[in-house]
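Chain by chain, the residues run as shown.
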Amino acid sequence: MEGKNEQRAGLLYGIGAYGMWGLVPLFWPLLEPSGAVEILAHRMVWSLAVVGVALLALRRWAWIRELLGRPRRLALIAVAATVISVNWGLYIWSVNNGHVVEASLGYFINPLVTIAMGVLLLGERLRPAQWAAVATGLAAVLVLAIGYGQPPWISLVLAFSFATYGLVKKKVDMGGLESLAAETAVLFVPALGFLLWLAARGESTFVTSGAGHGALLAATGIITAIPLICFGAAAIRVPLSVLGLLQYLAPVFQFALGILYFHEEMPPERWAGFALVWVALALLTWEALRTTRRTRAEALRLAVRAAETGAPTDTDSASAPSGPGSTAATDGGPAQERTPAP
């Protein structure tokens, strides 16, 4: 019973995390007239403050000394911080400039980009259904390029930056709170310097737009940290395959908001492109669930054989979880404990 309660709680945490990420387009327009770069700088500064308080409460500081003694990991953290700042900044700009639907597409195709990077950069091998999904995704990009009259560059930059972030974080191998703290710490000085420069020029909306607006800008730290904390709570309670399915809630909500709330146009060719993306994701999901069932069945078979023979059996490889964004060799999907979304 306790295990079921833990899984139920984990599912609620996961839905909460991805639901908040999916509804965040409603928040960024509240920060106007602040520009995307100013909002991003505030997000970096206030996120470090919020995460610092959380780490202080949890007394999780030992990782800092270890990180400072590893220059290569520090360099990777700097790369991750740079990439995620591009992702966050472009996402904020997209929402506040009427491109919510195109931004949601970036997170729909992110699993496909992650898989493609795994093949090209890590030498991973794909199963036939995964190849079919990647090919369908490429066809979708071509259809959307025709529909937009140009490549959907917002979607592609968001997808590739987030996939690159995931790849770097896979090598860094740090927890969610620690990782966010390290990344925002790297960018804290330039972000704060930019905000002080704006204030000196009299262009800071934090100073000139009233206390309510300043409070909203400060809330960007909470908006960033709370979903990440919920995601971390979900990641230790539910299988990775479940998180892999839940990850699609965020772009679904964003897509719905773009059409129903922001009233963005969706001509037939864009519907066709999105439909192809959804077919590709359905293929990935089907393949991931099938692989998960197979690995669990294999793990059970090996466990039964071990019980019958009394011989120890290593079932780690047979029981590895698989999410919709995973490849044949390793789980490269975005549903990792270390990956914050927009």
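Because the structure is a prediction, the values reported are computed rather than measured.

Criteria and cut-off values
- Residues numbered from 1 in each chain as written.
- Predicted model: local features only at pLDDT ≥ 70, side-chain atom pairs only at ≥ 80, totals over all residues.
- Heavy atoms only, no water.
- Helix = DSSP H or I, 4+ residues; strand = E, 2+ residues; numbered from the N terminus.
- Buried < 20%, exposed > 50% of the residue type's maximum accessible area, 1.4 Å probe, protein only.
- Contact = heavy atoms within 4.5 Å.
- Areas by Shrake-Rupley, 256 points an atom, 1.4 Å probe, with all protein chains shown as cover.
- Salt bridge = Lys/Arg side-chain N within 4 Å of Asp/Glu carboxyl O.
- Lys, Arg positive; Asp, Glu negative; His and termini not counted.
- Polar contact = N/O pair within 3.5 Å; in protein donor to acceptor, adjacent residues only side chain to side chain.

A. Inspection of the overall build of the protein at higher detail. The number of helices and strands found in the protein is 15 helices and zero strands. Across the 342 residues that make up the protein, the buried fraction comes to 50%. The contacts of the protein with a sequence gap of at least 6 include a subset with a gap of at least 24, amounting to 84%. Accessible surface, the protein as shown: approximately 15,800 Å² in total, 68% of it carbon and sulfur.

B. Molecular detail of the pattern of salt bridges. Inspection of the entire model under this criterion finds four salt bridges. For Glu203, the salt bridge goes to Arg201, with nearest N and O atoms at 3.0 Å. Taking the shortest distance from any N to any O, the salt bridge between Arg290 and Glu287 comes out at 2.8 Å. Note that Arg290 and Glu287 are positioned in helix α14 (residues 268-309) at a spacing of three residues, about one turn of the helix. Under the relative-accessibility criterion, Arg290 is labelled partly exposed at 25%. Taken together, the shared-partner salt bridges connect Arg127, Glu287 and Arg290 into one network.

C. Structural context of the side chain of Glu102. Tracing the backbone through its elements, the reader meets Glu102 in helix α5 (residues 100-122). Here Glu102 occupies a buried position and makes no salt bridge, while the nearest side chain of opposite charge, Arg270, is found at 6.7 Å. A polar contact is formed between the side chain of Glu102 and the backbone nitrogen of Ile154, at a distance of 3.4 Å.

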